[in-house]
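Structural features, examined
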Amino acid sequence: MKDLLSMRDLNKEEILNFMKIAEKIEKGEIKPDMSKRIAALIFYEPSTRTHFSFATAMKKLGGQTITMRGTASSSVQKGESFADTLQTIAQYSDIIVIRTAIEGSARYAAESVDIPVINAGDGANQHPTQALLDLYSIIKTQGTLENLTIGIVGDLKFGRTVHSLVQALSDFGPKFYFISPSFLKMPEHIKDDLKEKEIEFEELKDIEEKINNMDLMYVTRIQKERFADPEDYEKVKDSYILTKAMLENVKDSFKVLHPLPRVNEISTDVDDTKYAYYFQQAKNGVFMRQAIISILLGGVK
Amino acid sequence: MKQLKVDAIRNGTVIDHITAGKVLKVADILNLQGMDLVMIGMNLASKKLGKKDILKIENRELSGEEVNSIALIAPNASLIIIKDYNVVKKVHLKIPEYIENLIVCPNPKCITSLEEIKSKFQITSGKPVKVRCVYCEKKYSIDEVRIRI
Ligand SMILES: [Zn+2]
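Residues numbered from 1 in each chain as written. Chains lettered and ligands numbered in written order. Predicted model: local features only at pLDDT ≥ 70, side-chain atom pairs only at ≥ 80, totals over all residues. Heavy atoms only, no water.

On to the coordination of the zinc ion, then. Donor atoms from the polypeptide that coordinate the zinc ion comprise Cys105 of chain B (SG), Cys110 of chain B (SG), Cys133 of chain B (SG) and Cys136 of chain B (SG), at 2.3 to 2.4 Å from the metal. Every donor residue of the zinc ion comes from the same chain, spaced as C-x4-C-x22-C-x2-C. (Donors = N, O, S within 2.8 Å, 3.2 Å for Na, K, Ca; no water.)

Next comes the structure, spelled out in structure tokens:
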């Protein structure tokens with residue numbers, strides 16, 4: 001595997017290998033050495049958390065990072081200079097981590113350079129490292145990825161994180177509940193894929209409805225800006241906020257995940273229940289990114 | 001009922017069994033302005049399709065790219081090469097699994113809309129034809145995309 005661009009490119013075996021390597025790194029069973037390696041972190045779209053997570057992962061591997069930031073209007077949108085910029089950066093570094101608002105830019109980057117490219121988010125398209133760390137969090141809490149019942153809450157239309165996650169889980173016989181306001185529903189092309197694979201899913205409008213059936217709930221933010229009328233937001237927002245009171249009869253092994261940052265969609269009284277897992281999830285991200293970098297740079301098998 | 005006949009051509013290409021209603025789109029792709037003789041038949045009776053369109057073009061052979069584009073729009077079409085009023089070759093069009101450069105991705109946020117790069121599409125299902133952009137991964141039915149030539 002040269003690059004990590006999309007969950008669509010990974011088969012089950014490859015996904016499970018990422019899990020295995022992340023676990024070995026977390027447990028200290030292997031210590032990949034990237035001390036002579038440099039990762040170029042190209043962030044054309046700001047994301048402090050993802051940048052931090054990659055930088056931490058590379059440092060824990062003993063490697064170095066260089067960072068390039070820009071805005072959507074800088075070179076990434078100006079014809080040939082994007083490929084040129086990448087070519088130049090590839091001369092300085094061993095691996096490129098790229099995040100942009102432009103869909104497909106990571107794949108184009110990977111075609112433009114010989115060194116490995118990691119997609120750290122390309123517009124509404126893919127965010128495979130987040131999906132892998134989510135899977136890692138799921139396997140750690142549930143002991144398996146197979147046959148789980150998963151609720152996904154929030155902005156399902158624009159959320160690339162949930163798109164990647166749904167694709168990633170598709171090979172493991174899941175059952176999904178999609179919970180969102182009607183205008184932020186899961187896009188048709190994703191639902192088409194699920195139907196083709198005969199994966200069961202149900203669309204709900206209320207967060208509490210099927211919560212007791214779920215093995216886990218993946219909560220994402222609904223941005224106020226998505227609503228044309230702020231009053232509409234006020235009307236629906238409480239339907240998508242998880243509170244401690246809703247957890248009374250959930251499964252014992254139930255867990256709440258969230259890609260963070262959280263605004264108000266998980267009430268803080270959930271934090272000290274045994275069901276809250278979102279902060280550990282962020283920590284898992286560092287182990288997973290260590291695993292991804294190590295695998296792509298040939299540091300582990 | 002007596003079948004109305006479309007005249008034969010001497011040399012050239014006949015595209016038969018075009019999905020009814022699609023012949024003008026096929027003609028569009030082939031950019032037939034300035035061609036010798038062009039005959040367009042619409043809504044002809046067909047055993048296979050019920051109704052079909054047909055296109056006959058004198059003195060014209062199609063490129064591989066053109067054939068691929070036609071297959072996308074009219075997946076049941078067959079291509080007949082005529083020399084001296086005789087059929088010298090007949091092929092049923094096949095939808096390719098992968099197509100470069102022909103389809104324009106309608107997604108304004110796609111890298112192919114912003115950079116001068118070849119588009120790449122995977123054909124995900126045959127009938128109706130659906131295509132997926134390799135870059136932004138969005139899926140479209142063939143009627144939603146523009147075909148370039
Ligand atoms: Zn595209």
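All names here are of chain A. With parallel pairing, the 5 strands of this open sheet are ordered in space as E7-E6-E5-E8-E9. Two strands lie at the open edges of the sheet, namely strand E7 (200-204) and strand E9 (255-257), each paired on one side alone. Taken pair by pair, the neighbouring strands of this sheet meet at an average axis angle of 20°, ignoring direction. Note that strand E6 (residues 175-179) and E7 share 5 bridges and pair parallel. Looking at E7, one finds that Phe178 is bridged to Glu203. Contacts between helix H6 (residues 160-169) and the sheet are confined to strand E5 (149-153), E6 and strand E8 (216-219), with E5 contributing the most and set at about 165° to the helix. Packed on one face of the sheet, helix H7 (residues 188-196) meets E6 and E7 and runs near 145° to E7. (Pairing = 2+ DSSP bridges. Helix = DSSP H or I, 4+ residues; strand = E, 2+ residues; numbered from the N terminus. Axes fitted to C-alpha atoms, helices over the stretch in contact; angles between N-to-C directions. Contact = heavy atoms within 4.5 Å.)

For the rest of this paragraph, the subject is the domain arrangement of chain A. By convention, interface size is frequently given as the accessible area that disappears when the constituent parts associate. All names here are of chain A. The domain architecture assigned to chain A consists of domain 1 (7-126 + 283-296) and domain 2 (128-282). With 33 residues of domain 1 at the interface, the matching set in domain 2 holds 29 residues. Both sides together, the interface formed by domain 1 and domain 2 hides about 2,400 Å², and carbon and sulfur atoms give 57% of it. Here domain 1 and domain 2 share 4 salt bridges between them. Put simply, Glu45 and Arg160 hold a salt bridge, and the shortest N to O gap is 3.3 Å. Secondary structure elements with two or more residues in the side of domain 1 that touches domain 2: helix H1 (12-26), helix H2 (48-60), strand E3 (95-100), strand E4 (117-122) and helix H9 (278-296). (Domains from an automatic or database assignment. Buried area = accessible area lost by both parts, 1.4 Å probe. Salt bridge = Lys/Arg side-chain N within 4 Å of Asp/Glu carboxyl O.)

Moving on to the pairing of E3 of chain A. A regular strand places its side chains on the two faces of the sheet in alternate fashion. Residue and element names in this part refer to chain A. Counted residue by residue, E3 has 6 buried out of 6 residues, so it is predominantly covered. Residues of E3 alternate between two faces, with Ile95, Val97 and Arg99 on one and Ile96, Ile98 and Thr100 on the opposite face, all of them buried. Taken together, the 5 bridges between strand E1 (residues 38-43) and E3 define a ladder with parallel strand orientation. Its bridge partner lying in E3, Ala40 is registered against Ile96. When E3 meets E4, the two strands line up parallel, connected through 4 bridges. Within E4, the residue paired with Thr100 across the bridge is Asp122. Of the crossover connections in this fold, the one passing from E3 over helix H4 (residues 105-112) to the parallel E4 is right-handed. (Buried < 20%, exposed > 50% of the residue type's maximum accessible area, 1.4 Å probe, protein only. Right-handed = clockwise from strand over helix to strand, strands pointing away.)

Take the domain arrangement of chain B next. Residues and elements named next belong to chain B. Partitioning chain B into structural domains gives domain 1 (12-92) and domain 2 (98-147). The distance between the C-alpha centroids of domain 1 and domain 2 comes to 24 Å. With 10 residues of domain 1 at the contact, the number on the domain 2 side is 12 residues. Across the domain 1-domain 2 interface, the total number found is 1 salt bridge. In this structure, the salt-bridge partner of Asp143 is Lys22, at a minimum N-O distance of 3.0 Å. Scanning the region where domain 1 abuts domain 2 turns up 1 residue pair in polar contact (both at pLDDT 80 or more). Broken down by element, the side of domain 1 that touches domain 2 gets its largest block of residues, 5 residues, from helix H2 (residues 64-73). Counted by class, the side of domain 1 that touches domain 2 contains 4 nonpolar, 3 polar and 3 charged residues. (Polar contact = N/O pair within 3.5 Å; in protein donor to acceptor, adjacent residues only side chain to side chain. Nonpolar A, V, L, I, M, F, W, Y, C, P; charged D, E, K, R; others polar.)

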